[in-house]
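# A closer look at the structure
The chain contents come next:
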Amino acid sequence: MDFETEDWQALWRELKGIVLFWIDAGVRIFRVDNPHTKAFAFWEWLIDAVRAEHPDVLFLAEAFTRPKVMHRLAKLGFTHSYTYFTWRNSKHELIAYFTELTRGPGREYFRPHVWPNTPDILPPYLQHAPRAAFIARLVLAATLSANYGIYGPAFELMESVPREPGSEEYRDSEKYERRTWDVARPDSLQAIIARINAIRHAHPALKADCRLVFHAIDNDNLIAYSKTSDDGASVILVVVNLDPYHRQSGWVEWPAQVAGAPADRAVQMHDLLSDARYLWSGGRHYVELAPEQMPAHIFRPRGYVGTEHDFDYYS
């Protein structure tokens, strides 16, 4: 497209017409590839014009570029924005980046959308990686951010071979060849993805980002954080093993009072991934995650555990 054409008004109107054509066909979400390489004034005009007629339409800026440019696109009207999550792997990197996203000035206009992989990017963390690495990145994406996505079959079937050493391209890329995917393969991540999406749907705490809190844990290979809904009724605590090759353990600092429990009562922690239940009391709790089993906990606190004193026949 020649955005510098003298007849730019006609070009803009025609491009808007293309968007409206797909809206009439039922499309409501537009992932815009590299919008930062096109005229910013065009996006501001287009998004405003389309949303004036169709306020439910969403625009995702697929822009991996300089922070100022990404923030500018968000200010122009893009509903969602790509992030640098794809390359944030260590505990320190994740805490620093998501603190910036949820506590920095951008929280007022920049709505982050995190992706563990894309059609163009097989990040180093997932190259030649075991199953646990894909599950850990999935859990992080789906719980750190209210909005996440994956490049489907390649992620579900754990494609992990790069084009060559040092490359972030897939060796067998759908961009250059026709692929046939067996997503029902026994080792597919389809079931765990479905379970995590069901957890997100059922728990309001995971539907927003502003009340994300990181919790101290005495092992740099483990990261712990919680989310709470605005009304405090929904609380989720997540612990992830960032080391996909080794069992890791540590003590997480998380007061049971967050779940509304009295200081002298135990809280039942229901792991929504494994369906296991644990009793926690006090403010420090031992966790251990074996990547070959499950590299993460997604805990739902279930209030406090009653005692005989709670029944009317106690004497």
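Everything discussed here concerns the structure shown above.
These notes cover the structure that comes with them. (Residues numbered from 1 in each chain as written. Predicted model: local features only at pLDDT ≥ 70, side-chain atom pairs only at ≥ 80, totals over all residues. Heavy atoms only, no water.)

### So, the nonpolar core
Here is the rule we go by: What makes a nonpolar core is a set of buried Ala, Val, Leu, Ile, Met, Phe, Trp, Tyr and Cys residues whose side-chain atoms join them at distances within 4.5 Å. Note on exposure labels: buried denotes an accessible area under 20% of the residue type's maximum, exposed denotes more than 50%, and partly exposed covers the range between, all computed with a 1.4 Å probe on protein chains only. Helical segments are the DSSP runs of H or I of at least four residues, strand segments are the runs of E of at least two, and each set is numbered from the N terminus.
One finds F98, V139, L140 and V240 to be the most contacted residues of the largest nonpolar core, which totals 51 residues. Mapped by element, the contributors of at least two residues to this core are α3 (67–76), α4 (91–103), α5 (131–144), α6 (152–156), α7 (190–202), β6 (222–228), β7 (235–241) and β12 (296–304). The element contributing the most residues to this core is α5, with 10 residues. Formed by 23 residues, the second largest nonpolar core is a distinct cluster that contains L11, I23, F40 and L73.

### A closer look at the packing of helix α2 (residues 40–53) against α3
Here is the rule we go by: Only C-alpha atoms enter the line fits that serve as axes; for helices the fit covers just the stretch in contact. Angles between N-to-C directions range over 0 to 180 degrees. Should an angle lie under 35 degrees it is considered roughly parallel, over 145 roughly antiparallel, and from 65 to 115 roughly perpendicular; all remaining angles are considered oblique. Working rule for contacts: check all heavy atoms of both residues, and any pair within 4.5 Å makes them a contact. All amino acids are sorted into three groups, where Ala, Val, Leu, Ile, Met, Phe, Trp, Tyr, Cys and Pro are nonpolar, Asp, Glu, Lys and Arg are charged, and the leftover types, Gly among them, are polar.
Packing of α2 against α3 leaves a shortest axis separation of 9 Å and a crossing angle of 30 degrees. Judged by the angle between their axes, α2 and α3 are roughly parallel. Seen from α2, the contacting residues are F40, W43 and E44; seen from α3, they are V69, R72, L73 and L76. Of the residues in the contact of α2 with α3, the class split is 5 nonpolar, no polar and 2 charged.

### With respect to the side chain of K91
Here is the rule: Only four residue types enter the charge count, namely Lys and Arg as positive and Asp and Glu as negative; His and the chain termini do not. Within this document, salt bridges are pairs made up of a side-chain nitrogen of Lys or Arg and a carboxyl oxygen of Asp or Glu, the two lying within 4 Å of each other. Whenever a nitrogen or oxygen atom comes within 3.5 Å of another N or O atom, the pair is scored as a polar contact, on the condition that within protein one atom can donate a hydrogen and the other can accept it, and that pairs from neighbouring residues in sequence are kept only if both atoms are in side chains.
Looking at where K91 falls in the secondary structure, it is placed in helix α4. Although K91 is buried, it forms no salt bridge, and the closest oppositely charged side chain is D220 at an N-O distance of 4.1 Å. A polar atom in the side chain of K91 sits 3.2 Å from the backbone oxygen of L222. Once residues within four sequence positions are removed from consideration, K91 is found in contact with I217, N219, D220, L222, I223 and L242.

### Structural notes on empty space enclosed by the protein
Stated formally: Lining residues are those with an atom within 4 Å of a point, where the points come from a 1 Å grid over the protein atoms alone and group into cavities, where a 1.4 Å probe fits but cannot get out, or pockets, open sets with protein on both sides within 12 Å along at least five of seven lines. Grid points are joined across faces, edges and corners, and a volume is the space filled by probe spheres set on the points.
With the rule as written, the count across this model stands at 1 cavity of 30 Å³ or more. In this structure, the largest cavity encloses a volume near 50 Å³. Forming the walls of the largest cavity are P67, M70, H71, Y84, Y97, E100, L101 and F110. Secondary-structure elements contributing two or more residues to the lining of the largest cavity are α3 and α4. Looking at side-chain class alone, the lining of the largest cavity contains 6 nonpolar, 1 polar and 1 charged residues.

### A look at the pattern of salt bridges
Considering all chains together, one arrives at 15 salt bridges under this definition. The partner of R31 in a salt bridge is E62, with the nearest N and O atoms 3.2 Å apart. Placement of the pair is R31 in strand β1 (residues 29–33) and E62 in strand β2 (residues 58–62), with a sequence separation of 31 residues. Among the salt bridges present, the one from R185 reaches D187, with a minimum N-O distance of 2.7 Å. The partly exposed category is assigned to D187, whose relative accessible area is 33%.

Nothing here speaks to function; it is geometry throughout.
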